[in-house]
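Examination of the molecular architecture
In case you want the letters, here they are:
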Number of protein chains: 4
Amino acid sequence: MYQFPEHLLGGYQKFMNGRFAEQQARYKTLAETGQQPKTLIVACCDSRAAPETIFDSGPGELFVVRNVANMVPPYEPDGQYHSTSAALEFAVQSLRVKDIVVMGHGRCGGIKAVLDSGAEPLSPGDFIGKWMNMLKPSAEQIAGNDMMTAAERQRAMEHVSIRNSIVNLRTFPCVQILEQRGKLQLHGAWFDISTGELWVMDPKSGDFSRPGT
Amino acid sequence: MYQFPEHLLGGYQKFMNGRFAEQQARYKTLAETGQQPKTLIVACCDSRAAPETIFDSGPGELFVVRNVANMVPPYEPDGQYHSTSAALEFAVQSLRVKDIVVMGHGRCGGIKAVLDSGAEPLSPGDFIGKWMNMLKPSAEQIAGNDMMTAAERQRAMEHVSIRNSIVNLRTFPCVQILEQRGKLQLHGAWFDISTGELWVMDPKSGDFSRPGT
Amino acid sequence: MYQFPEHLLGGYQKFMNGRFAEQQARYKTLAETGQQPKTLIVACCDSRAAPETIFDSGPGELFVVRNVANMVPPYEPDGQYHSTSAALEFAVQSLRVKDIVVMGHGRCGGIKAVLDSGAEPLSPGDFIGKWMNMLKPSAEQIAGNDMMTAAERQRAMEHVSIRNSIVNLRTFPCVQILEQRGKLQLHGAWFDISTGELWVMDPKSGDFSRPGT
Amino acid sequence: MYQFPEHLLGGYQKFMNGRFAEQQARYKTLAETGQQPKTLIVACCDSRAAPETIFDSGPGELFVVRNVANMVPPYEPDGQYHSTSAALEFAVQSLRVKDIVVMGHGRCGGIKAVLDSGAEPLSPGDFIGKWMNMLKPSAEQIAGNDMMTAAERQRAMEHVSIRNSIVNLRTFPCVQILEQRGKLQLHGAWFDISTGELWVMDPKSGDFSRPGT
């Protein structure tokens, strides 16, 4: 007999008895007025890097795209399904978000995969391989650094990827225009899944540092 | 002078002082052993429908894809970037998840857009329009029901979309094979963002009902 | 030897010993003064949808019409027997009710019949078929939605029928006039025979929702 | 702002907290298996003569038609809306009820109207007048008895009407056939709304008496 996953139903009960009970009025209002999140976050699917958890967010606050390795592809209006581009367009043009954050994290499986050129495709379709191809050129450069440790190359590539996504964001005319007008700000962040530390990207240098240090 | 969004830093502080402090050991372990979530959830970017919130999940539990209207495209191994397909492949073949949940929600902006055939594209690229094209045929059928109210058509389409995504999941050979072997189960769910009610899809009829009723 | 149904006599005894005993004076008074119910309810014959049960009503409170699929036909002063129209006229003009409620319910057999165009008539007279013809045009629209499940089409049609009956109520000049003068209010409701939930129709949108949500 | 009648919502709450809470499982089962009432009752709309109350019935027990003066029209398969005939056909052919009860009651407004030949129509459509025409010939006979009191003529006519409806029931081929085969039984009853007494009709003589006397 069909059963929805028990662990999910259990968690849902806690949500209903806890957070939802506390915020019931807010949920109702948001349903009636519509969502008006002012921040778009592009984050990774990774189970250890959920933006709502890291930023302690409630309903209505964050419009969230989650894909492998939190990547924003370049602007390509060519008729193919482009889920991240669609979410970006919706967030910028319809919701009129004020901030876009690209948040990467440590030990990212997608980044690990693109650094490992000898890896077997996961399926004949090799979707991960093709998705990560966006980073192939950079990955080849970083992967060639045999003087760095694997963990150092991993982190370096995570940073490269975030910077790359921000460059790609600016290839979208709507992003470019609104950023120039001062109506939209782009941010990079990197979350250390082991220590919980949040590193923020300096827009000029591309360097990551912890706020307050 | 550059400033990372204050509201996000504030939320991050609460996270560090609260949940992270409580689960510090868990975060460390997960970083070392790697993530082993057993559930993939495909959810919407909508700020009111975050899976971690709804299922009260902690780090390591859910591998999450978030795109507009929580859609799974059909299997198309054609070389284009396919972010949702890549995440699916990674979850099924690498993480070996046991359950995939496609979770839709009420008042979905993407669904509203595909039902409104007269809407102007949000940008020349019309990414939302092309992304939602996956549902165009069904949307035309539902949109034609002038005896139903707009809200009724909206909900009907949200259900259609979830069922459609589950059909598309099965077009992926790895999903089909593992499901047939009993190693992978597919689930549909719909979250009422106003009342907090969770509706679960019956795999036989495709109908949604609340567990316990 | 002739016997009145035992189960009915048994129930009648309970009534006499219970509710009637408690309300004996009320019954006597109502008999003397006449009934003055201020509410007319049009409900279905279905054994699971009795208004007196659902609204916990006592004698003198509700003037009740029960027919298949709780329908109000359009105003047609043509000389044929029109039982629902007669009851309506009596309620509005003679009893001067203040509220008319059209109450539908889930899993309605009449609605199921009108959605199923291939069904055999129950008798050569095909009374159900002809009675339900009032809804045929709408039913054809709803029945054509193969993207919706049977249960979803059923519920959509139950809602359509209630809205349709309310439109038909307004074709009665006496109803129209009294409603415009603010002396009569029309209401739609839908009862979930499985969960007991009562859904009330919003007069502007035609949408059904549960009071309090 | 729109408000569903308060008194109905109040009664509904009592129902949910009381009878529904007690019978929750029964409602659920009936929804799943379908209704299987074995009794059809044709009763009057009168607020003092609800069958569920008089027979202390629960969900699933009685299939109920309520019209003005609890009348069954003669069999006329002519294409007009015939709500009572449709309900009868459904009850007999689809639900396969075993008993049909025609229940009249004292102080019936419809009966009073048909006895009063000088009454003004309630509306230009005169629906009550035309509905009650079924009884016009008998009514003229009864009305001419000026040696009987008005209350005696009223009660006599109420009895005549019940007997007339039972004759009309037998003009329906499906009723006739099933009655002859012993699969369907017809009953007449009359409820004294003042004393609560139930009188049952003897099928041979047409006389009404109280069971046990």
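In this text, all values refer to a predicted model and were calculated from it rather than measured experimentally.

To continue, consider the nonpolar core. One finds I100(A), V175(A), M132(B), M132(C), I100(D) and V175(D) to be the most contacted residues of the largest nonpolar core, which totals 98 residues. Other than its neighbours up to four places away in sequence, M132(B) contacts V68(B), A69(B), M71(B), G110(B), I111(B) and V114(B). If you look at the next biggest cluster of nonpolar residues, it comprises 48 residues, including F63(B), V72(B), L95(B) and I162(B).

Here we come to unusual backbone geometry. Look at R107(A): it is not a glycine, yet its phi comes out positive at around 60 degrees. By the secondary structure assignment, R107(A) is in the loop between strand 3 (99-105) and helix 5 (109-115). If you check the backbone angles, R96(D) has positive phi at about 55 degrees while not being a glycine. For R96(D), the position within the fold is in the loop between helix 3 (83-94) and strand 3 (99-105).

A separate point is the interface of chain D and chain C. Taken together, the contacts link 93 residues of chain D with 93 residues of chain C. Contact between chain D and chain C buries roughly 8000 Å² in total, counting both sides, with carbon and sulfur atoms accounting for 65%. We note a salt bridge from E52(D) to R66(C), for which the minimum N-O separation is 2.7 Å. In this structure, the connection of chain D to chain C is made through 32 residue pairs in polar contact (both at pLDDT 80 or more). It is helix 1 (residues 6-33) of chain D that contributes the most residues to the side of chain D that touches chain C, 15 residues altogether. The class makeup of the residues in the side of chain D that touches chain C is 47 nonpolar, 28 polar and 18 charged.

This next bit is on the interface of chain A and chain B. Facing the 93 residues of chain A at the interface are 93 residues of chain B. Taken over both partners, the interface formed by chain A and chain B buries close to 8000 Å², and the fraction arising from carbon and sulfur atoms is 65%. At the surface where chain A touches chain B, the tally comes to two salt bridges. For the interface between chain A and chain B, the tally reads 32 residue pairs in polar contact (both at pLDDT 80 or more). In terms of residue count, the dominant contributor to the side of chain A that touches chain B is helix 1 (residues 6-22) of chain A (ten residues). Here the residues of the side of chain A that touches chain B sort into 47 nonpolar, 28 polar and 18 charged.

All names here are of chain A. According to the domain assignment, chain A consists of domain 1 (1-33) and domain 2 (35-209). Each of domain 1 and domain 2 has a C-alpha centre, and these two points are 29 Å apart. Contact with domain 1, which involves six residues of that partner, is made by seven residues of domain 2. Note on domain 1 versus domain 2: buried area summed over both sides is about 480 Å², and carbon and sulfur give 47% of it. Summed over the shared surface of domain 1 and domain 2, the number is zero salt bridges. The tally of links between domain 1 and domain 2 comes to two residue pairs in polar contact (both at pLDDT 80 or more).

Between chain D and chain C, the superposition needs a rotation of 180 degrees and an axial shift of 0.0 Å, giving an RMSD of 0.1 Å. Such a combination of rotation and displacement between the chain copies is what one expects of a two-fold axis. Judged by C-alpha distance, R66(D) is the residue of chain D that lies nearest the rotation axis, at 2.4 Å. Here 100% of the interface residues in chain D have copies in chain C that are interface residues too; the copies meet face to matching face.

A few words on the relation of the copies chain A and chain B. Relative to chain B, chain A is turned by 180 degrees and slid 0.0 Å along the rotation axis, the superposed coordinates differing by an RMSD of 0.1 Å. Looking at chain A, 100% of its interface residues are interface residues in chain B too, so the copies touch through the same face.

Another aspect to go through is the packing of aromatic side chains. Here the structure, examined in full by the defined rule, presents 48 aromatic pairs over all chains. Their ring planes at 45 degrees and their centres at 6.3 Å tell us that Y12(C) and F15(C) sit as a pair that is tilted. Linking Y12(C) with F15(C), this pair stays in helix 1 (residues 6-17), spanning three residues, or about one helical turn. Looking at Y12(C), the relative accessible area reads 9%, which means it is buried. When the ring of F15(C) is compared with that of F191(D), the centres are 6.1 Å apart and the planes differ by 55 degrees; the resulting orientation is tilted. Residue F15(C) is located in helix 1, and its partner F191(D) is located in strand 4 (residues 185-191); the two belong to separate chains. On the accessibility criterion, F15(C) (1% relative accessible area) is buried. Given the relative accessible area of 0%, F191(D) is considered buried. A connected cluster of aromatic rings, assembled from ring pairs, spans Y12(A), F15(A), F20(A), Y27(A) and F191(B). In this structure, R155(B) packs its charged tip against the face of W190(B), placed 3.8 Å from the ring centre.

Relative to the helices and strands, P124(C) resides in the loop between helix 6 (109-115) and helix 7 (127-132). Between the C-alpha atom of P124(C) and that of L8(C), which follows or precedes it by 116 residues, the distance is 32 Å.

With numbering matched to this structure, UniProt assigns "binding site: Zn(2+)" (unreviewed entry) to C44(A), D46(A), H105(A) and C108(A). These residues run over 65 residues, yet every pair of their C-alpha atoms falls within 8.7 Å of each other. As for its placement among the helices and strands, C44(A) is situated in strand 1 (residues 39-44). Note on C44(A): relative accessible area 5%, which makes it buried. Among residues more than four places away in sequence, those in contact with C44(A) are A49(A), R66(A), N67(A), V68(A), A69(A), N70(A), M103(A), H105(A) and C108(A). Each residue touching D46(A), except ones within four places of it in the same chain, is listed here: R66(A), H105(A), Q35(B), L62(B) and F63(B).

Here the focus is helix 5 (residues 83-94) of chain C. Residue and element names in this part refer to chain C. Spanning twelve residues, helix 5 covers 16 Å between terminal C-alpha atoms, matching the ideal 16 Å at 1.5 Å per step. The buried fraction of helix 5 amounts to ten of the twelve residues, a majority that puts the element mostly inside the structure. Taken residue by residue, helix 5 has S83, T84, S85, A86, A87, L88, E89, F90, A91 and V92 as its buried positions. Once helix 5 finishes, R96 follows within two positions and takes phi at roughly 55 degrees, a positive value.

Our next topic: the state of the cysteines. Residues and elements named next belong to chain B. On inspection of all chains with the given rule, the structure shows zero disulfides over all chains. Between C108, a cysteine without a disulfide, and C44, which holds the nearest cysteine sulfur, the sulfur-to-sulfur distance is 4.0 Å. Judged by its relative accessible area of 1%, C108 falls in the buried class.

What counts, and at which threshold
Residues numbered from 1 in each chain as written. Chains lettered and ligands numbered in written order. Predicted model: local features only at pLDDT ≥ 70, side-chain atom pairs only at ≥ 80, totals over all residues. Heavy atoms only, no water. Core = buried A, V, L, I, M, F, W, Y, C linked by side-chain atoms within 4.5 Å. Buried < 20%, exposed > 50% of the residue type's maximum accessible area, 1.4 Å probe, protein only. Contact = heavy atoms within 4.5 Å. Helix = DSSP H or I, 4+ residues; strand = E, 2+ residues; numbered from the N terminus. Buried area = accessible area lost by both parts, 1.4 Å probe. Salt bridge = Lys/Arg side-chain N within 4 Å of Asp/Glu carboxyl O. Polar contact = N/O pair within 3.5 Å; in protein donor to acceptor, adjacent residues only side chain to side chain. Nonpolar A, V, L, I, M, F, W, Y, C, P; charged D, E, K, R; others polar. Domains from an automatic or database assignment. Least-squares fit on C-alpha atoms with pLDDT ≥ 70 in both. Phe/Tyr/Trp six-rings, centres within 6.5 Å; stacked < 30°, edge-to-face > 60°. Lys NZ or Arg CZ within 6 Å of the ring centre and 35° of its normal. UniProt positions renumbered as here; feature names shortened; annotations may be inferred. Expected span 1.5 Å × (residues − 1). Disulfide = S-S within 2.5 Å.

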